[in-house]
Amino acid sequence: MDASPHTIIEAREELMVSPSSGANPTHRTAYFLKPCVSSIKESACDFLLHHSTDTLNPSKLPIKVRYNGWRNPQEEWKTWVQQLQPKYEYLWIKAGVDKAIKASTYEIHRNDELILELAQRWCSKTNTFIFPWGEATITLEDIKVCWGYSVVGAPVSSPLETNEQKETEAELVAARRIFNSTKARKVVHKPWMMHFMENETKLEHEAFLVLWLSRFVFPANSPDTILKSVFPIAIHLARGIEMAIAPAVLASIYRDLSLLNSKINSAKFRSNLALSLWAPFQLVQIWALERFPSLQPHPHPIEQGQPRMARWDRVKMMTNKNLKLTLDSAGARNGFMWRPYKNSPPLKVYNENDMWECDNPSLDRELLSFCRCLRVSELEGMGCIEQYLPHRVAMQFGMDQDIPAMVARCKKDPWINFKGSYGPPPGFTSKFKRDQEVDVVRGANGQIEDVLGGVTRVKIEDDGNEAKIKSPFSDRNGANNMEGQGISPCIVETASNLENRILELERVVAKLKAAKFWG
């Protein structure tokens, strides 16, 4: 197994026990997400966490929470989506927001008690929920699968670069200034929507995306107000440029869960407290419904082309008389679903770079997206930066759970991972860069090493007749040997899937090299 610092998976022989019962320890090859502790002493001193047993009944908490980011769609919005879909859906797909736009047309009934119970178990130090049976959290994979936001792409802070893009922004600012001249002195969602729906202008698509971003994705500080800060994002998306919206949305959720947890702790000693939250907390509730089977009402079946959020559209929430017991005992008998999406089809992502045409053009993006979900990093949101620590919840990705290591924050650049991690996330750079690159270098002994965004290294041994691949995740020649050693079938399946993706990506690289050589 490659021990390169560029790898994100560590494989070693360990005595493993069942996560639900702790019984039947088995000595086998285990697969862990980095970084792991180097000693038990290190963990005990720095990073052991304890479940809080003094949670209160949510109905008795003296706190009033306003979920300003929980926005239901107006009927006019649903109509606007239907009107623009035939004309612009190909751009939404290219930009990776087609499922997210469709998801904004669904109405999710809120369960306040469930959200407050979860918030009492939130740890702002690790951005995870702490249960008696272990840690779990909302991951980038949840944001991608449930809501349809793209994990990879340009940062949401990417500036406009061309004159055409800047001219479009000036036109949007001028349009916003017209509404600012009214008595309301602010640009409200519905008048903005009705104006562009009823008047055919070249700005309609950008105006549509501005409303979508302001209302459903990054609502902030002032409800029902069009935000000037989202203009650059809307302009990029309108041109089919993929934006990394998932990290930004998840950052806002982490931020507001920490704020809510802090306010709840204060409410144990004070009364009549109020708090306004701006993150889309629908995702917190949907995460719980997907993961805890005993909480699930009767979801709708997903039809072709629908996002997973469609399962919960207008579904009435169940009343659980002992919600605390349900959450705290979910670690046994499959009460918590570690991999609820493993049978879900992958989201289709199109690469804007024509040179990457192959039998499966989305493969390289899918691989980058998958790696991005697995690695420790910082999430850059709209005005906030939060830690992302997937190594603490490795079983949510089909991995084995090791004792997670302490991670120091990187102060230089929010798009570069924590110190002790392994370079910038795939698909993310400090500067706006559309084309994703695969650097191919020839190593010692004629080996070819492919470095994907500095996150994972693939070694291809070429004996002149057949190329054999070795990845830091799974050894192809030893994959079959993993079975029968007590290893989880889910881990074997995950390793095999990633290996197949890497193999396909290697074929793409070979085609590109051949084209460059002969062209």
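Residues numbered from 1 in each chain as written. Predicted model: local features only at pLDDT ≥ 70, side-chain atom pairs only at ≥ 80, totals over all residues. Heavy atoms only, no water.

Caption draft 1: Representation of the overall build of the protein chain. In terms of regular secondary structure, the protein chain is built from 15 helices and 13 strands. Here the protein chain holds 519 residues, and 56% of them are scored as buried. Across the protein chain, the fraction of contacts at a sequence separation of at least 24, relative to all contacts at a separation of at least 6, is 72%. Entry remark: accessible area of the protein chain is about 23600 Å², with carbon and sulfur atoms responsible for 50%. (Helix = DSSP H or I, 4+ residues; strand = E, 2+ residues; numbered from the N terminus. Buried < 20%, exposed > 50% of the residue type's maximum accessible area, 1.4 Å probe, protein only. Contact = heavy atoms within 4.5 Å. Areas by Shrake-Rupley, 256 points an atom, 1.4 Å probe, with all protein chains shown as cover.)

Caption draft 2: How the structure looks around the pairing of strand β9 (residues 385-388). Note that strand β8 (residues 377-380) and β9 share four bridges and pair antiparallel. Bridge assignment links E378 to a residue of β9, and that residue is Q387. Linkage of β8 to β9, two consecutive antiparallel strands, is achieved through a turn of four residues, within which G383 is found at a positive phi near 85 degrees. (Pairing = 2+ DSSP bridges.)

Caption draft 3: Layout of the packing of aromatic side chains. Summed over all chains, the structure comprises 22 aromatic pairs. Considering the side-chain rings of W287 and F292, the 6.2 Å spacing of their centres and the 75 degrees angle between planes classify their relative orientation as edge-to-face. The rings of W122, F129, F131, W133, Y254, W287, F292, F336 and W338 are connected pair by pair, giving a single aromatic cluster. (Phe/Tyr/Trp six-rings, centres within 6.5 Å; stacked < 30°, edge-to-face > 60°.)

Caption draft 4: Highlighting the pairing of strand β2 (residues 26-33). Burial analysis of β2 places six of its eight residues in the buried class, the great majority of the element. Where strand β1 (residues 9-16) and β2 come together, eight bridges link them in antiparallel fashion. Within the sheet, the bridge partner assigned to L15 lies in β2 and is H27.

Caption draft 5: Focus on unusual backbone geometry. The step from K34 to P35 runs through a cis peptide bond, and the omega angle for that step is 0 degrees. Positionally, P35 belongs in the loop between β2 and α1 (40-46). Even without glycine at this site, N127 takes up a positive phi of about 55 degrees. Counting through the fold element by element, N127 comes out in the loop between β4 (122-123) and β5 (128-131). A relative accessible area of 2% means that N127 is categorised as buried. Even without glycine at this site, R314 takes up a positive phi of about 60 degrees.

Caption draft 6: Examining the nonpolar core more closely. Residues W192, W212, I245 and L260 are the most contacted members of the largest nonpolar core, which totals 124 residues. With twelve residues, helix α10 (residues 245-267) is the largest single contributor of residues to this core. With near-sequence residues (within four places) excluded, W212 lies in contact with W77, V97, A100, I101, S104, Y149, V217, L237 and I245. (Core = buried A, V, L, I, M, F, W, Y, C linked by side-chain atoms within 4.5 Å.)

Caption draft 7: Fine view of the environment of G305. With respect to the secondary-structure elements, G305 resides in the loop between α11 (282-291) and α12 (323-328). Along the sequence, G305 and K102 sit 203 residues apart, while their C-alpha atoms lie 9.5 Å from each other.

Caption draft 8: Geometry of the sheet that holds β4. One open sheet accounts for three strands, arranged β4-β5-β6; its pairing is antiparallel. What marks the edges here is a single partner per strand, and that holds for β4 and β6 (134-136). As paired strands, β4 and β5 are joined by two bridges and run antiparallel to one another. Its bridge partner lying in β5, C123 is registered against T128.

Caption draft 9: Layout of the pattern of salt bridges. For the coordinates displayed, the defined rule picks out 23 salt bridges. Between E164 and R239 there is a salt bridge, and its shortest N-O distance comes to 2.5 Å. Here the residue E164 occupies a position in helix α6 (residues 163-180), and R239 occupies one in the loop between α9 (231-238) and α10, the gap between them amounting to 75 residues. E164 gets classed as partly exposed once you look at its relative accessible area, which sits at 41%. Overlapping salt bridges, with partners in common, bring together E10, R12, E14 and D402 in one network. (Salt bridge = Lys/Arg side-chain N within 4 Å of Asp/Glu carboxyl O.)

Caption draft 10: Up close: helix α7 (residues 189-198). Buried within α7 we find H189, W192, M193, F196 and M197. Down the axis, α7 shows its buried residues gathered within 125 degrees of arc, on one side only. Those residues of α7 that are buried are in contact with α2 (75-95), α6, α8 (204-217) and α9. (Arc of directions from axis to C-beta.)

Caption draft 11: Inspection of the packing of α6 against α7 at higher detail. Axis separation between α6 and α7 bottoms out at 11 Å; the angle between their running directions is 120 degrees. Comparing the axis directions of α6 and α7 gives the class oblique. The crossing of α6 and α7 is right-handed. Contact residues: α6 offers L172, A175, R176 and F179, while α7 offers P191, W192, H195 and F196. (Axes fitted to C-alpha atoms, helices over the stretch in contact; angles between N-to-C directions. Parallel < 35°, antiparallel > 145°, perpendicular 65-115°, else oblique. Left-handed = near helix turned anticlockwise from the far one by under 90°.)

Caption draft 12: Up close: the packing of α2 against α7. Running from N to C, α2 and α7 point in directions that differ by 35 degrees, and their axes come no closer than 11 Å. As α2 runs across α7, the sense of the crossing is left-handed. Every residue of α7 that contacts α2 at E76, W77, T79, W80 and Q83 is listed here: K190, M193, M194, F196 and M197.

Caption draft 13: Structural context of the side chain of D313. Among the structural elements, D313 can be located in the loop between α11 and α12. With residues up to four places along the chain from it excluded, the contact list for D313 reads Y106, E107, I108 and H300.

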